[in-house]
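# Inside the fold
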Amino acid sequence: MRPHALALLLVASLVIAKPADEEKKSRVHDEKLSDESHFLNDEHNPDYDHEAFLGEDEARTFDQLTPEESKDRLSKIVDKIDSDKDGLVTEKELHNWIEYTQKRYINDDVKRQWLTINPENKDTMYWLEYKKGVYGFIDNMEPGDLDDDNEGMTYIEMVMRDERRWEAADGNDDGALTIEEFTDFLHPEEAEHMRSIVVTETVEDIDKDKDGKISLNEYIGDMYRGEEGEVEPSWVSNEREQFREFRDKDGNGYLDQEEVKSWIIPADYNHAEAESKHLIYEADNNGDQVLSKDEILEKYDVFVGSQATDFGEALVRHDEF
């Protein structure tokens with residue numbers, strides 16, 4: 001094993017793995033609430049609701065509980081969602097909870113990487129500290145290894161890309177990032193001022209001939225790499241049609257930066273808002289547009305799973321909410 005092999009584990013946390021040929025690779029950053037399909041056979045998928053409400057890990061935990069345990073734990077969660085303590089859960093309170101649940105994984109990821117590189121938990125982290133912590137292994141590599149192609153990029157190119165992103169996240173240009181700025185660095189799709197970097201990196205990844213735009217062949221090649229003579233999955237032809245009819249807005253056969261932004265960062269749909277409206281619709285027995293605890297517990301299987309039909313961790317951690 002090469003000396004730098006173990007160090008690559010940290011780098012790997014920032015790199016998206018190549019998909020299998022039969023799988024569809026998605027570039028879209030749409031802040032979806034669950035990896036589950038929203039609808040199955042034209043019916044709303046309860047697993048989607050559970051993950052949106054609880055988060056993926058907690059949803060799996062709830063699936064191991066009895067209905068009685070699920071209701072008991074859900075009751076405690078309702079008390080946390082009801083931020084004004086009036087005994088009713090409004091759409092806004094439910095919306096805020098869903099957004100909090102979905103952002104928690106980001107905060108946990110940031111904290112883990114922050115403390116890995118900055119174990120003393122200093123208020124700021126400098127670029128050279130980050131570079132040493134993540135890419136220090138390249139100092140011991142043979143010159144030829146520096147040109148190794150890793151996910152389409154050499155290690156030197158990866159360092160240069162990260163430094164550019166670091167500078168974009170450094171709001172006051174002091175060369176150091178606070179943990180909030182570090183969050184923007186690790187998850188640029190979540191910060192409005194970082195989204196141009198997401199678009200630029202996406203174009204660079206897909207634009208193989210480096211002409212600054214994405215052709216149809218490059219667009220499909222990023223998602224699907226079939227073998228010669230292999231029958232294409234049906235979704236590939238659907239994506240070609242998507243490119244021609246919707247992605248390539250000016251019809252010139254290429255995607256420019258603005259067209260890529262419209263594709264990967266859609267701005268016209270709020271998943272948390274839609275889900276909070278749906279949950280109220282499902283559980284609001286008296287039609288007053290707010291939910292009592294009794295209404296939520298009566299329709300507990302809409303919000304959480306159980307052995308009969310996650311969030312266990314959320315209850316262990318409820319004091320931090």
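Note that the structure is a prediction, hence the values are computed from the model and not measured. For every chain, the first residue of its written sequence is number 1, and the numbers climb from 1 along that sequence. For this predicted model, a pLDDT threshold of at least 70 governs which residues receive local features, and a threshold of 80 or more governs which side-chain atom pairs are given and counted, while totals over whole chains, interfaces and linings are taken from all residues. Excluded from the side-chain calculations are hydrogens and water; all other atoms, namely the structure's heavy atoms, are used.

To form a nonpolar core, buried Ala, Val, Leu, Ile, Met, Phe, Trp, Tyr and Cys residues must be joined to one another through side-chain atoms within 4.5 Å. Throughout, exposure labels follow a simple rule: accessible area from a 1.4 Å probe, protein chains only, divided by the maximum for the residue type, with under 20% read as buried, over 50% as exposed, and the rest as partly exposed. M125, Y130, Y135, W166, F182 and F185 are the most contacted members of the largest nonpolar core, which has 24 residues in total. Counting from the N terminus, the helices are the DSSP runs of H or I reaching at least four residues and the strands are the DSSP runs of E reaching at least two. Those elements that place two or more of their residues in this core are α5 (91-117), α6 (127-135), α7 (155-169) and α8 (179-186). It is α7 that contributes the most residues to this core, five residues altogether. In this view, M125 contacts W114, I117, N118, Y130, W166, G175, A176, L177 and F182; residues no more than four positions away in its chain are not counted. Core analysis: the second largest hydrophobic core is formed by 20 residues, L74, I77, I98 and Y300 among them. We call two residues contacting when some pair of their heavy atoms lies within 4.5 Å.

With that settled, the discussion passes to the environment of E180. On the secondary structure map, E180 appears in helix α8. Residue classification places E180 among the exposed positions, given a relative accessible area of 53%. Linking E180 and D170, residues 10 residues apart in sequence, is a C-alpha distance of 9.9 Å.

Attention now moves to the packing of aromatic side chains. In summary, the pairing rule links any two rings of Phe, Tyr or Trp, Trp by its six-membered ring, whose centres are within 6.5 Å, and it sorts them by plane angle into stacked for under 30 degrees, edge-to-face for over 60 and tilted for everything else. The full count for this structure, using the stated rule, is 14 aromatic pairs. Ring centres 5.6 Å apart and planes at 65 degrees place the aromatic pair W127 and W166 in the edge-to-face group. With a gap of 39 residues between them, W127 in helix α6 and W166 in helix α7 connect regions that are remote in the sequence. Assessed through its relative accessible area of 9%, W127 is described here as buried. For W166, a relative accessible area of 3% translates into the label buried. A ring pair is formed by F182 and F185, whose centres lie 6.0 Å apart and whose planes are at 25 degrees; its orientation type is stacked.

This part covers the confidence of the model for the chain. Note that predicted coordinates carrying low pLDDT should not be read in detail. Confidence scores here are pLDDT values: one per residue, from the predictor, ranging 0 to 100. Residues with a pLDDT of 70 or more make up 73% of the chain, whose mean pLDDT is 80. Note on residues 1-23: pLDDT is under 50 here. Beyond four places in sequence and across chains, it has 39 contacts.

Now for the UniProt feature "domain: EF-hand" (unreviewed entry) in the chain. UniProt positions are given in the numbering used here, feature names are shortened, and annotations may be inferred rather than shown by experiment. Look at the UniProt record and you will see "domain: EF-hand" (unreviewed entry) annotated at residues 69-104, 157-192, 194-229 and 248-270. Each end of residues 157-192 is marked by a C-alpha atom, and these two atoms are 25 Å apart; helix forms 58% of the span and strand 6%. With 56% helix and 6% strand, the stretch residues 194-229 has end C-alpha atoms that lie 41 Å from each other.

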